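So you can see what is in the structure, the chains are spelled out below.
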Amino acid sequence: MGELGLLGATIKGYDCAGVSNVASGLITREVERVDSGYRSAMSVQSSLVMGGIDEFGTKEQKDKYLPGLAKGKLIGCFGLTEPNHGSDPGSMESTAKPHPSKKGYLSISGSKTWITNSPIADVMLVWAKLQETGKIRGFLVDRAECPPGTIETPPLKNKNGLRASITGMIQLDECPVPEANMFPEVEGLKGPFSCLNSARFGIAWGTMGALEDCIARARKYALERRQFKNNPIAKYQLVQKKLSDAVTDASYGILAATQVGRLKEEGKAAPEMISMIKRQNCDRALINARTYVCLQPFLRYNWFMLCRLQEIFGGNAASDEYHIGRHVANLFVTQTYEVSPTDDSALGTSMLIVCRARATYIA
């Protein structure tokens, strides 16, 4: 990816491509057509780590890390989520305090989990509360500069989704980090949320790429699979409806992401716009890709089946030969960590932000 210029593609200078936001979205779309795990690794490197350094770092931090990250010679990860604080990063327990014996250093302790790239990362952008102020600050933790025993990054194994990307933890135990590795000005959640907005913009594009691959594979299968007097199953209207629904949602999603990308170029994109397209595209990609049961208490049997692209493959959907199951597993993970339907507080907050923005616009 580094050799192709895909990493940190929107950044100007530092051996980065310097392309537009729409071009970067198109890159993400094509990468996630292959696999969401590939996009996850690229997104963390580009939007969360490189984007954070480019926006909030000092000139020295940029000069030291961005060229290596751009070429893929260095691997980065982003440490925000903690075991006890998933959707509530403001309550994080990781802390940074003056080092007791090393002048000009801070001592960072805490744990981060579900961190893409952490087991292989060279540089980790870790967010922790500065003990002196209680404010959240960003720190660049360089693995090569950490003494043995102060940092561990164990992998999280046996995942059901995003199996093509490496996920782990960051465990810091009185890890010495130079004060020069702290972002100089940004405080609070503005820093990590700004990075996450950039990543979510990419995810709005990426999930459409995954959906498009599902559509292409389902169409190919439906044309080749023959049943009922040797007819291709693509001849039947129910199969055609599944494909047309998915194509429609993919087309709308790409158009929405393109428009927001153009507004980003003009400096007119609001965070609520990114929240909206990210939420909608994650949701529609998963709904169109998989088969699932929806509870409806007003129906006699209290449920009905929504049959989408996965259903076109019948029992063959369970085989990795056809890839639809892999995409469905990946999109479930992506939809969960971006728009969790089981996390009422996170989903409610996301919807409230969008509704407030819409109400303000109408007013």
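Basis of the calculations
- Residues numbered from 1 in each chain as written.
- Predicted model: local features only at pLDDT ≥ 70, side-chain atom pairs only at ≥ 80, totals over all residues.
- Heavy atoms only, no water.
- Helix = DSSP H or I, 4+ residues; strand = E, 2+ residues; numbered from the N terminus.
- Buried < 20%, exposed > 50% of the residue type's maximum accessible area, 1.4 Å probe, protein only.
- Areas by Shrake-Rupley, 256 points an atom, 1.4 Å probe, with all protein chains shown as cover.
- Pairing = 2+ DSSP bridges.
- Core = buried A, V, L, I, M, F, W, Y, C linked by side-chain atoms within 4.5 Å.
- Contact = heavy atoms within 4.5 Å.
- Disulfide = S-S within 2.5 Å.
- Axes fitted to C-alpha atoms, helices over the stretch in contact; angles between N-to-C directions.
- Parallel < 35°, antiparallel > 145°, perpendicular 65-115°, else oblique.
- Left-handed = near helix turned anticlockwise from the far one by under 90°.
- Nonpolar A, V, L, I, M, F, W, Y, C, P; charged D, E, K, R; others polar.

A. Region of interest: the overall build of the chain. Scanning the chain from N- to C-terminus turns up nine helices and 11 strands. With 363 residues in all, the chain has 48% of them scored as buried. Just so you have it, the chain exposes about 18,000 Å², and 54% of that area is on carbon and sulfur atoms.

B. The pairing of strand β5 (residues 136-142), seen in detail. With seven of its seven residues buried, β5 lies for the most part within the structure. Going residue by residue along β5, you find I136, G138, L140 and D142 tucked away on one face and R137, F139 and V141 tucked away on the opposite face as well. As defined by bridge partners, strand β4 (residues 123-130) adjoins β5 across seven bridges and the pair is classed as antiparallel. Paired with V126 across the two strands is F139, which belongs to β5. Linking two consecutive strands that pair antiparallel, namely β4 and β5, is a turn of five residues; a positive phi of about 75 degrees is found at G134 within it.

C. Region of the structure containing the nonpolar core. L211, I215, L243, L309, I312, F313 and I324 are the most contacted members of the largest nonpolar core, which has 33 residues in total. Taken together, the elements giving at least two residues each to this core come down to α4 (190-224), α5 (237-265), α6 (271-289), α7 (309-312) and α8 (324-338). Of the residues forming this core, the biggest block, 11 residues, is contributed by α4. If we skip the residues at most four places from it in the chain, F313 touches R217, A218, Y221, Y322 and I324. V49, M50, Y65 and V186 belong to the second largest nonpolar core, which has 29 residues in total.

D. Geometry of the environment of M50. Mapped onto the fold, M50 is located in helix α2 (residues 36-56). Look past the residues within four positions of M50 in its chain and what remains in contact with it is L7, G8, I11, C16, Q45, L66, L69 and A70.

E. A look at the state of the cysteines. Taken as a whole and assessed by the stated rule, the structure comprises zero disulfides. Not engaged in a disulfide, the cysteine C175 finds its nearest cysteine sulfur in C146; these two sulfurs lie 3.4 Å apart.

F. View of the packing of helix α1 (residues 21-34) against α4. For the pair α1 and α4, interaxial distance at closest approach is 7 Å and the crossing angle is 40 degrees. Classed by the angle they form, the pair α1 and α4 counts as oblique. Handedness of the α1/α4 crossing: right-handed. Each of N21, V22, G25, L26, T28, R29, E32 and R33 in α1 lies in contact with α4, whose residues at this interface are F201, G202, W205, G206, T207, G209, A210, E212, D213 and A216.

G. Broad picture of the packing of α1 against α2. Packing of α1 against α2 brings their axes to within 6 Å, and their N-to-C directions diverge by 140 degrees. Comparing their axes, α2 and α1 come out oblique. Judged by residue contacts, I27, T28, V31, E32 and V34 of α1 engage S36, Y38, R39 and M42 from α2. Of the residues in the contact of α1 with α2, the class split is five nonpolar, two polar and two charged.

H. Broad picture of the environment of P154. Its location among the elements puts P154 in the loop between β6 (151-152) and β7 (167-178). For P154, a relative accessible area of 28% corresponds to the partly exposed category. Counting along the chain gives 16 residues from P154 to I170, while the straight-line C-alpha distance between them is 7.3 Å. Sequence-distant contacts of P154, that is, excluding residues within four places in its chain, are made with P119, G168, M169 and Q171.

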